[in-house]
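Breakdown of the fold
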Amino acid sequence: MADSSKKMQIVFASAECAPFVKTGGLGDVAGSLPAALVRAGAEVIVMVPKYATIKDEYKAQMEHFSDFYVSLGWRNEYCGLEKLEHDGVTYMFIDNERYFARDYPYGFFDDGERFAFFSKAITESLQHLPEGFECDILHCNDWQTALAPVFLREFYQGLPLYERVKTVFSIHNVAFQGQFSDTVMEDILGVAHIPAAATQLRCDACSINYMLGALHYADAITTVSPTYAGEIQTPEFGEGLDGVLRERSYALQGILNGIDVAGFDPATDKRIAANYTVDDRSGKAVCKAKLQEELGLEVRDDRPLMVMVTRLTRQKGMDLVMYALDRILAGGVQVAVLGTGDRDYEDGLRYFQDKYPGTMAARIEFDPALSQRMYAAADMFLMPSKFEPCGLSQIIAMRYGTLPIVRETGGLKDTVQPYNEFTGEGTGFSFSNFNGDEMGDAVFRAARLFWDNREAWNQLVTQAMSQDFSWTRSADKYLDLYFFMHPEIERPAAVEAAEAVEEPVAAEAEPAAPVKEPAAAKESKAEEKPAAEAEVKPAAKPAAKKTTARKTTAKKATTTKAAASKTTAAKATTTRKRTTAAAKKAAEAEAAHEVKDEAAEAKPVAKAPAKTPSKKTTAPKTATAKKATTTKSTTTKATTTKATAKMTPKVAAKPAVKVEEAGAEPKAEAAIEAKPAAKTTARKRATTTAKKTTTKAAAPKAEAKVEEKPAVKAEPTPKTAEVKAAPKAKAKTESAKEAPVSPAAPADEKAPTKKTSVRKATTARKRR
């Protein structure tokens, strides 16, 4: 049963938090997200180290709330809690001057010990929170607080207060993991004697990894954009942690960051030259002219102004900028860069500023006020990062009507929808690969739209400024996660109503979500199509094989029978086919339409006619020469014609080949028919007169034998010359099939030929 009276109570731990201390995007998140959670109906306490760099005005507002001691290995360190209420959020500052009274948050030799103490102090302080506040969710951020889930499970698990605590760990940049020597494990952490902790913290033989411990121990893992959540599970972006992130992918999700829309509002911002809104952008032209004048650029509204506000490092894509900057400046685009970083990039920017005066401006410094003026004045904002977990600069640029040009990675891909020239959709421009030429092409796509189609450009600016990247949308998604982990707590009605209002806006605000899902659907469909084809094709092939197998079996049977009876008939079949080709043409043309439908029925019919004429014609062997032979040949011709017509369906596999051959066959009829007779008489070696008579008498008989076996095709016997006249395709196909039968051919051929010759010679003598 859900408890309707209890609110979700969250402890949000971070090493930095705006406006007290900030070095990067983590400070913005810790300064804005808790306030959005409070507005959504949750109770939040933010825990931050009490650095010496915090302004005195905030220190003066702090109230000492509690103090206790924290055991850290063999140490016992003092920890004080200083309470501060700011914008409706409760802040608890962890006070220990030994660790935090320094002029900068990070970068010291004992950072491992300092933030191990911070993590242990967070878990210990859960017992010393204001009355009525029982922590439901402990939300830790980056490696500085990564040991809190480890300490919670190993040292505090049995205590009733800690049983209900669920831990969430957020990765803001997986490249910063907190790796230290494994001596820290016993000397500072005190977990060397716990096998589970020692194993899950160790990243190699001699070092441990704080973030690795959090990934193993946290109940849920989040990162700052959906695309980045997928990228860090790959070796390219995982920085060595991709294995454990894939292992715990079920607990990993990406939630986009937002920005402080009240602080970044061109309608009310006092830091810019002139205010403007989505509907009236006349003030943006004033801002552009003022900035051009301030930076020493040509004051021209017909040239696009592109700016960069960034750290000058390779991760921010400065290699691509150095490669393409000459081409961009020569093409008529004005460029202004603000930032500090690697000396090589700083010197390169100064070189281009000297080479292109009035077109290029480089400010190698850190100036927040100038950066605000650049966001408001520019036409385009360049951000070609090698990787970017979320990125806030491109969101701020869109808020001020400056179109971002980004590389499609991490949060840049999720927040910037590329311009579609056909539909007009989009909020900026993008390119895919980490390549200087691609980046230059993207810049000139934007510049061409600025020059050639100002109406489409203005529409794109309107769409970019209309996007909603407020923290309200992000807070709702974090609350979804929190309430999922604590289903016994009922979500307030106000929060549900807010969700109902915010969900349509969130759908518009996240271009990546609607774009990404159809892409995934397309990919799955594309994968299904080949799979379906692969399933269909094998199904079709067996059917074809079965049909071929049946035809082949029938051919083999017929061929075997024919070859066993007489090889001469097989040889002469080819000759007779040529003789009757003209007659076949008409029959085949008429039967061609019926062949496909009646193929199955024609096969058994074809076998019978093939056998019948051979039995009838081979049985009678009379000594009466001319009359009997002539009668046989006449009868056989008629039978052969019928058999050929009936056999057409059986040989329908290659009708085109037979029709083509038929045209040239009648010409060679007479010459080829005489060959079997001449060979027969030569073997007997009879007299010249006998030869002539035998030839005349044997020719019709040979014709009869030719017609007896129309289904039989030519065999490749070495002695006969008819093989050369047979079609090559048939000879190749049937040579393998009829090879076992061919050795018996010479014996079958000689016996009937000798007897026939003797009888014919005797008949000829009697006539004389």
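Criteria and cut-off values
Residues numbered from 1 in each chain as written. Predicted model: local features only at pLDDT ≥ 70, side-chain atom pairs only at ≥ 80, totals over all residues. Heavy atoms only, no water. Helix = DSSP H or I, 4+ residues; strand = E, 2+ residues; numbered from the N terminus. Buried < 20%, exposed > 50% of the residue type's maximum accessible area, 1.4 Å probe, protein only. Contact = heavy atoms within 4.5 Å. Areas by Shrake-Rupley, 256 points an atom, 1.4 Å probe, with all protein chains shown as cover. Phe/Tyr/Trp six-rings, centres within 6.5 Å; stacked < 30°, edge-to-face > 60°. Lys NZ or Arg CZ within 6 Å of the ring centre and 35° of its normal. Expected span 1.5 Å × (residues − 1). Polar contact = N/O pair within 3.5 Å; in protein donor to acceptor, adjacent residues only side chain to side chain. Pairing = 2+ DSSP bridges.

Let's shift gears to the overall build of the protein. For the protein, the count of helices and strands is 32 helices and 18 strands. When the 768 residues of the protein are sorted by exposure, 52% land in the buried category. Here the analysis covers contacts within the protein between residues at least 6 apart in sequence; of these, 73% occur between residues at least 24 apart. A total accessible area of about 35,400 Å² is found for the protein, and carbon and sulfur atoms account for 55% of it.

Under the criterion given, the structure shown has 23 aromatic pairs. Note on W143 and Y210: the rings are 6.2 Å apart at their centroids and 50° apart in plane angle, and the pair reads as tilted. Of this pair, W143 sits in the loop between β6 (137–141) and α5 (147–155) while Y210 is found in helix α9 (residues 210–217), placing the two residues 67 residues apart along the sequence. Note on accessibility: W143 and Y210 belong to one class, buried. Joined through ring pairs, the aromatic side chains of Y51, Y99, F100, F117 and F118 make up one cluster. We note K120 situated over the ring of F151; from NZ or CZ to the ring centre the distance is 5.1 Å. We note R454 situated over the ring of F450; from NZ or CZ to the ring centre the distance is 3.9 Å.

Between its terminal C-alpha atoms helix α18 (residues 436–452) stretches 24 Å, which fits the 24 Å expected from 17 residues at 1.5 Å a residue. Two or three places before D437, at the start of α18, stands the capping residue N435, its side-chain oxygen 2.9 Å from that residue's backbone nitrogen.

On to the side chain of R114. Structurally, the position occupied by R114 is in helix α4 (residues 111–125). On the basis of relative accessible area, R114 is assigned to the buried category, the value being 0%. Here the side chain of R114 touches Y99 through a polar contact of 2.7 Å, landing on its backbone oxygen. Once residues within four sequence positions are removed from consideration, R114 is found in contact with Y51, Y99, F100, R102, Y104, P105, Y106 and F108.

The pairing of strand β3 (residues 63–72) with strand β4 (residues 75–86) spans nine bridges and is antiparallel. By the bridge assignment, V70 is partnered in β4 with E77. Connecting the antiparallel pair β3 and β4 is a turn made up of two residues, with G73 showing a positive phi of about 65°.

Bringing unusual backbone geometry into the picture now. Omega for the bond connecting A18 with P19 falls within 30 degrees of zero, at 5°, which places this linkage in the cis form. Among the secondary structure elements, P19 is positioned in the loop between β1 (9–13) and α1 (25–39). Positive phi values are uncommon outside glycine, yet E239 reaches one of about 55°. With respect to the element layout, E239 can be found in the loop between α10 (226–231) and α11 (242–247). Residue E239 is classed as partly exposed on the basis of its relative accessible area of 41%.

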